[in-house]
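# Structural characterization, general
For reference, the chains in residue letters:
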Amino acid sequence: AKEALAKLSANPEFSSDWLSSVNVAMGKLAGDTAPDTLEMKAKLADAYAQHIDKMRADKELGSAQLLADSAMKMFPGAQSVIKEVAKLTEARKAYQAEQDKAAVLAKVDDLKSTVIAQASAHDTKRAMDALNQLRPALAASDPFLTETAPKAPAEAFHSTAERPVG
């Protein structure tokens, strides 16, 4: 098992076969505290940390998290792994914040379209409902609230008034 671990730590490739072989070798050497074994484990922990860092940089956050979870189990207390897990956690939080912001912006755009469409259709109740949902998401000075939304019903009425009857 030591020989296998030495070969694996000398050439970390992070393929599924390699990861499986590392798991087997680490399992066989779980209680081995010989200095050379501890050195190989530390080298592997550093390789895991570097790979987690690369995956984080490449925005492969889900896969990086799976590898980090595995690394934390195999190398508890390894500072290089702990450091990368902390960076990964922050990256995942930032990604989630970006996703949440994008969802809010999409909802705002949808509500703006609804206000205009409903005002154009002379459905003031639905237009006002959408506008009331929109207000908390926009600043009071937002041009949509101060200019666009108030003009929409008037423009719709004006265009209807100019159409020939019959």
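Residues numbered from 1 in each chain as written. Predicted model: local features only at pLDDT ≥ 70, side-chain atom pairs only at ≥ 80, totals over all residues. Heavy atoms only, no water.

## Details of the packing of aromatic side chains
This is how the line gets drawn: Side-chain rings of Phe, Tyr and Trp, where Trp is taken by its six-membered ring, are said to pair if the distance between their centres is within 6.5 Å; with planes under 30 degrees apart they count as stacked, over 60 as edge-to-face, and otherwise as tilted. Whether a residue is buried, partly exposed or exposed follows from its accessible area with a 1.4 Å probe, protein chains only, as a fraction of its type maximum: under 20%, in between, or over 50%, in that order.
Here the structure, examined in full by the defined rule, presents four aromatic pairs. Arranged with centres 4.6 Å apart and planes meeting at 50°, the rings of Phe 14 and Trp 18 form a pair that is tilted. For Trp 18, a relative accessible area of 4% puts it in the buried group. An angle of 35° between the planes, with centres 6.0 Å apart, marks the rings of Trp 18 and Tyr 48 as tilted.

## Digging into unusual backbone geometry
Let me state the cut-off plainly: Runs of H or I in DSSP of at least four residues are treated as helices and runs of E of at least two as strands, each being numbered from the N terminus.
Located in the positive-phi region is Phe 14, a residue other than glycine, with phi close to 60°. In this structure, Phe 14 sits in the loop between α1 (2–10) and α2 (16–28).

## Observations regarding the packing of helix α3 (residues 35–57) against helix α5 (residues 79–120)
For clarity, the cut-off: To obtain each axis, a line is fitted to C-alpha atoms, and for helices this fit is confined to the stretch in contact; angles are then taken between N-to-C directions over 0 to 180 degrees. To sort the angles, those under 35 degrees are grouped as roughly parallel, those over 145 as roughly antiparallel, those from 65 to 115 as roughly perpendicular, and the leftovers as oblique. Crossings are classed by handedness, with left-handed meaning an anticlockwise turn of the near helix from the far one by less than a right angle and right-handed meaning a clockwise turn. By the convention used here, residues are in contact when the closest approach between their heavy atoms is within 4.5 Å. Residue polarity follows a fixed list, in which Ala, Val, Leu, Ile, Met, Phe, Trp, Tyr, Cys and Pro are nonpolar, Asp, Glu, Lys and Arg are charged, and the others, Gly among them, are polar.
Between α3 and α5, the least distance of the axes is 8 Å, while the angle of their chain directions is 15°. For the element pair α3 / α5, the angle class is roughly parallel. Two packed elements cross with a definite hand, and for α3 against α5 that hand is left-handed. Two secondary-structure elements touch here, α3 through Ala 45, Asp 46, Ala 49, Ile 52, Asp 53 and Arg 56 and α5 through Ser 80, Val 81, Glu 84, Lys 87, Leu 88 and Ala 91. Split by residue class, the contact of α3 with α5 holds six nonpolar, one polar and five charged.

## Description of the nonpolar core
The test is simple: Take the buried residues of types Ala, Val, Leu, Ile, Met, Phe, Trp, Tyr and Cys, join any two whose side-chain atoms come within 4.5 Å, and each joined set is a nonpolar core.
Among the nonpolar cores identified, the biggest contains 27 residues, and Val 22, Leu 44, Tyr 48 and Phe 75 are the most heavily contacted of them. Broken down by element, this core gets its largest block of residues, eight residues, from α3. When near neighbours in sequence (up to four residues on either side) are disregarded, Phe 75 contacts Met 26, Lys 41, Leu 44, Ala 45 and Tyr 48. Judged by nonpolar contacts, the second largest core, of 10 residues, contains Leu 111, Leu 134, Leu 138 and Leu 145.

## Focus on the environment of Phe 75
Residue placement: Phe 75 occurs in the loop between α4 (61–74) and α5. Classification of Phe 75 as buried rests on a relative accessible area of 5%. Residues Phe 75 and Glu 147 lie 72 residues apart in sequence; the distance between their C-alpha atoms is 60 Å.

## Overview of the environment of Glu 3
Structurally, Glu 3 can be placed in helix α1. Each C-alpha atom of the pair Glu 3 and Thr 37 lies 9.9 Å from the other, and the pair is 34 residues apart in sequence.

Just geometry here; none of it tells us what the structure is for.
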